[in-house]
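Structural overview for review
Listed below, chain by chain, are the residues.
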Amino acid sequence: MTQDHSSERVHVALGSNLGDREGHLRRALQDIANLPEVSELVCSSLYETAPMGPQDQPDYLNAVCRFDHTGTVRGLMGRLQAIEQEHGRQTGGRRWGERPLDLDILLSGAQLISEPDLVVPHPGLVDRSFVLWPLAELDENLVVPGELGQGRTIRQWQQQCQRLGIQRLPGGPLITP
């Protein structure tokens, strides 16, 4: 990966199912907005969903945010992991288990990254309702790059995805343009 500092449009998934779920998401958005390499942050509405993994955990609140980013994707990943840890995220828990905050880079422009600890576009992007519904709210005509996207838009992927009990909560976007 090269050290490119041109601006990229980035989409990040946010999730929380422990503690003050909405508070974690709101504070995480503020933390992301305060990063010096981030501008033009907007966020979808909140969506409540059953957990994807083990079912013996609370339901999740999910959202997707979009912003312009002038750093590297690897640098952004490190900053997002630090925000997760500030919110009490612990490493080494069970896969798809409960957490106060989960932040995943979904897309970074048309970049394709495949490294052991960083894959963009996110490999679960096209088949997870809790990602597709809030992402479609922001950018339904966005084409998912690479083989994963098959040249289809977010809206086309959303139409093929089972809704699986996702519920949009009242109140509109967390951060408006």
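The residue numbers shown here count from 1 along each chain, following its written sequence. Side-chain atom pairs in this predicted model are given and counted only at pLDDT of 80 or more, local residue features only at pLDDT of at least 70, and totals for whole chains, interfaces and linings cover all residues. The side-chain values count all of the structure's non-hydrogen atoms but skip hydrogen atoms and water molecules.

With that out of the way, let us pick up the side chain of Asn17. One can find Asn17 in the loop between β1 (8–16) and α1 (21–33). Here Asn17 falls in the buried class, since its relative accessible area comes to 2%. Contacts described as polar in this section are N or O atom pairs within 3.5 Å, which, within protein, must combine one atom able to donate a hydrogen with one able to accept it, while residues neighboring in sequence count only if both atoms come from side chains. Among the polar contacts listed, one links the side chain of Asn17 to the side chain of Gln57, at a separation of 3.0 Å. Here Arg99 takes part through its backbone nitrogen, which lies 2.8 Å from a polar atom of the side chain of Asn17. The criterion used for residue contact is that any of the two residues' heavy atoms lie within 4.5 Å. In this structure Asn17 touches Gln57, Pro58, Asp59, Tyr60, Glu98 and Arg99, once residues within four positions along its chain are discounted. The way it works is that DSSP assigns letters per residue, a run of H or I at least four long becomes a helix, a run of E at least two long becomes a strand, and they are numbered from the N terminus. For each residue, the accessible area found with a 1.4 Å probe, counting protein chains only, is set against the maximum for its type, and the residue is called buried under 20%, exposed over 50%, and partly exposed in between.

At the junction of Val120 and Pro121, the peptide bond is cis and its omega measures out at 0° in the coordinates. Residue position: Pro121 is located in the loop between β7 (118–120) and α3 (129–139). Look at Gln150: it is not a glycine, yet its phi comes out positive at around 50°. Tracing the backbone shows Gln150 in the loop between α4 (146–149) and α5 (154–160).

Another aspect to go through is the packing of aromatic side chains. Aromatic pairing here means that ring centres of Phe, Tyr or Trp (its six-membered ring) are within 6.5 Å. Orientation follows from the plane angle: under 30 degrees is stacked, over 60 is edge-to-face, and everything else is tilted. Counting across every chain of the model gives zero aromatic pairs. Definition used: whenever NZ (Lys) or CZ (Arg) falls within 6 Å of the ring centre and also within 35 degrees of the ring normal, the charge is taken to sit over that ring. The ring of Trp157 is capped by Arg152, whose NZ or CZ atom sits 4.7 Å from the centre of that ring.

Next up on the list: the nonpolar core. Buried Ala, Val, Leu, Ile, Met, Phe, Trp, Tyr and Cys residues form a nonpolar core when they are joined through side-chain atoms within 4.5 Å. Counting 28 residues, the largest nonpolar core has Cys65, Phe67 and Ile105 as its most contacted members. Listing elements by their share of this core, those giving two or more residues are β1, α1, β2 (38–43), β4 (60–69), α2 (73–86), β5 (102–108) and β7. Sort the elements by how many residues they give to this core and α2 lands first, with five residues. Formed by 20 residues, the second largest nonpolar core is a distinct cluster that contains Val42, Tyr47, Leu106 and Val126.

To continue, consider the confidence of the model for the chain. Note on scores: pLDDT gives the predictor's confidence for each residue, bounded by 0 and 100. Residues at a pLDDT of 70 or more form 92% of the chain, whose mean pLDDT is 89. Across the chain, β1 holds the top mean pLDDT of 97, while α4 sits lowest at 90.

This brings us to the environment of Glu98. As for its placement among the helices and strands, Glu98 is situated in the loop between α2 and β5. A residue is classified by how much of its surface remains accessible, and Glu98, at 32% relative accessible area, is partly exposed. Glu98 sits ten residues away from Ser108 along the chain, and the two C-alpha atoms are 26 Å apart. With sequence-adjacent residues up to four places away left out, Glu98 is seen in contact with Asn17, Leu18, Asp56, Gln57 and Tyr60.

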